[in-house]
Structures are given as structure tokens and as C-alpha cells.
Amino acid sequence: MAKRRNLNGLPNSLTQKYFSTVMYFDGGYMADWIWNSAENCGATEVKIDILNKRIEPADMEIRPLIYNLSRLEDTIRVTLIKNGFDHDFIKEAYFNIYIPQKLKHMRLVRCITTLKDQSGHEYKGKIYSEHAYENKPLLVKRPLIRQSIWVKVKRWFA
């Protein structure tokens, strides 16, 4: 029989997986990408929708941050099936990421993961803190996922 309490640890598992070395992408970890992108666009709060693969603010919707979200979606699906739930039992999954301005010198990123199931029950993770180490301007110069081919061709000829 499926028990909801078996899903209480899922938000923390998703957070740890997303910020781990497993999700390294082309020159930086996820905390590095988030920190540098947020610094570039002036954001202090970021919301990453795992299931819909969307990021708010839209300026931060870059390939490195979205690339591994499908792996997290697979983790949710496998966990649900192993615990006796339908594969679509979780309807919302998102990271609320905060960049505390008082601790800006430490390059600290804080994240709380929230999941909502089909009956409206909410699963919240603990506050997770991660340091960003790489301070490369090249980390934010990545193209957006939703660029048209013409923008890419124009950039190539420039």
C-alpha cells in the first residue's frame, strides 16, 4: 500500500542530486551557474519548475540549468513507482532558490524544494545551502535554449 510519508524525503533527494557533482555541466556546477546567471541579471530569487522545465526570471533560462531537469523528473517517477504511487502522482515540483544579499561575499545559494501531489498535499524539503566556486564570466554567456536558428546563424557570421 502506498504511504505518503515515504515521499517526505524526496524533496531533499532532488535538491542534493541537483547540486551534486553528478550535475556538473561544461565548466561549472549548478550553484556556479545559478550564482553567475543571477548576478548577471540582478536576480535574488529564482524559481525552477522541474516538471515544466521553466525558470523564473526568464533571463536565467539557460541550457546548463535546464539540461538535467529531465533526470530529476525520472528520479521523481522512479521513486513514485517504487513506493506504489502512479507515475503522475506529483503534479508540481520546483526549487525556490534564494541568494542572500547579506552573505553575498560568501557566494551562497539557498534552496528549498517543494512538491505537490494530485490531492494538494505539499512536501517541503529542508533549507539547503551551497557555495558557488567558479566565478567565470563565460558561464553566463551561454545561448538560451529557445533561440531560433536564425539568431544562431547571425551570431556565427558576426
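In this report, we go over the structure that sits alongside the text.

Describing the overall build of the protein
Turning to step 1, where the next piece is worked out: Along the backbone of the protein there are five helices and six strands.
Turning to step 2, where the next piece is worked out: When the elements of the protein are put in sequence order from the N terminus, they spell out α-α-β-β-α-α-β-β-β-β-α.
Turning to step 3, where the next piece is worked out: Sorting the 158 residues of the protein into buried and exposed places 40% on the buried side.
Turning to step 4, where the next piece is worked out: Contacts in the protein between residues at least 24 apart in sequence constitute 60% of all its contacts with a sequence separation of at least 6.
Turning to step 5, where the next piece is worked out: In the structure as shown, the protein presents an accessible area of about 9,400 Å², 51% of it carried by carbon and sulfur atoms.

Some remarks on helix 2 (residues 30-41)
Turning to step 1, where the next piece is worked out: Its 12 residues give helix 2 an end-to-end C-alpha distance of 16 Å, which sits within 8% of 16 Å, the value for a rise of 1.5 Å per residue.
Turning to step 2, where the next piece is worked out: For helix 2, the tally of buried residues reaches nine of 12 residues, placing the bulk of the element in the interior.
Turning to step 3, where the next piece is worked out: Among all positions in helix 2, only Met 30, Ala 31, Asp 32, Trp 33, Ile 34, Trp 35, Asn 36, Ser 37 and Ala 38 are buried.
Turning to step 4, where the next piece is worked out: Looking at the buried positions of helix 2, the neighbouring elements they touch are helix 1 (10-18), strand 1 (45-49), helix 3 (63-67), strand 3 (90-98), strand 4 (108-117) and strand 6 (128-131).
Turning to step 5, where the next piece is worked out: Within two residues after helix 2, Gly 42 carries a phi angle of roughly 80 degrees, on the positive side.

Remarks on a nonpolar patch on the surface
Turning to step 1, where the next piece is worked out: A contiguous nonpolar patch, built from Trp 150, Val 153, Trp 156 and Phe 157 and spanning about 580 Å² of accessible area, is present on the exposed surface.
Turning to step 2, where the next piece is worked out: Relative to the elements of secondary structure, Trp 156 occurs in helix 5 (residues 149-157).
Turning to step 3, where the next piece is worked out: With a relative accessible area of 66%, Trp 156 lands in the exposed category.

Quick look at the pairing of strand 4
Turning to step 1, where the next piece is worked out: Burial runs high along strand 4: eight of the 10 residues are buried.
Turning to step 2, where the next piece is worked out: Bridging between strand 3 and strand 4 involves eight bridges; their strand directions are antiparallel. Residue pairing across strands places Ala 93 opposite Leu 115, the latter belonging to strand 4.
Turning to step 3, where the next piece is worked out: For strand 4 and strand 5 (residues 122-124), the ladder comprises three bridges, and the chain directions are antiparallel. In the sheet register, Leu 115 faces strand 5, and the bridge partner there is Tyr 123.

Procedures and definitions
- Every chain is numbered independently, its residues counted from 1 as its sequence is written.
- Local features in a predicted model are, by the rule used here, given only for residues with pLDDT of at least 70; side-chain atom pairs are given and counted only at 80 or more, and totals for whole chains, interfaces and linings are based on all residues.
- No hydrogens and no water enter the side-chain calculation; it runs on all heavy atoms of the structure.
- Numbering of helices and strands starts at the N terminus; helices are DSSP runs of H or I of at least 4 residues and strands are runs of E of at least 2.
- To sort residues, take the accessible area from a 1.4 Å probe on protein chains only and compare it with the maximum for the residue type: under 20% means buried, over 50% means exposed, and anything in between is partly exposed.
- Here, two residues are considered to be in contact whenever any of their heavy atoms come within 4.5 Å of each other.
- Note on areas: these come from Shrake-Rupley sampling with a 1.4 Å probe, and a residue is covered only by the protein chains present in the view.
- Helix span, expected: 1.5 Å multiplied by one less than the number of residues in the helix.
- A patch consists of residues exposed above 30% relative accessible area that lack any salt bridge, with like charges linked at up to 9 Å and nonpolar side chains (Val, Leu, Ile, Met, Phe, Trp, Tyr) linked at up to 5 Å.
- Just to be clear on terms, a salt bridge is a Lys or Arg side-chain nitrogen sitting within 4 Å of an Asp or Glu carboxyl oxygen.
- Each pair of strands is called paired provided DSSP finds at least two bridges between the two strands.

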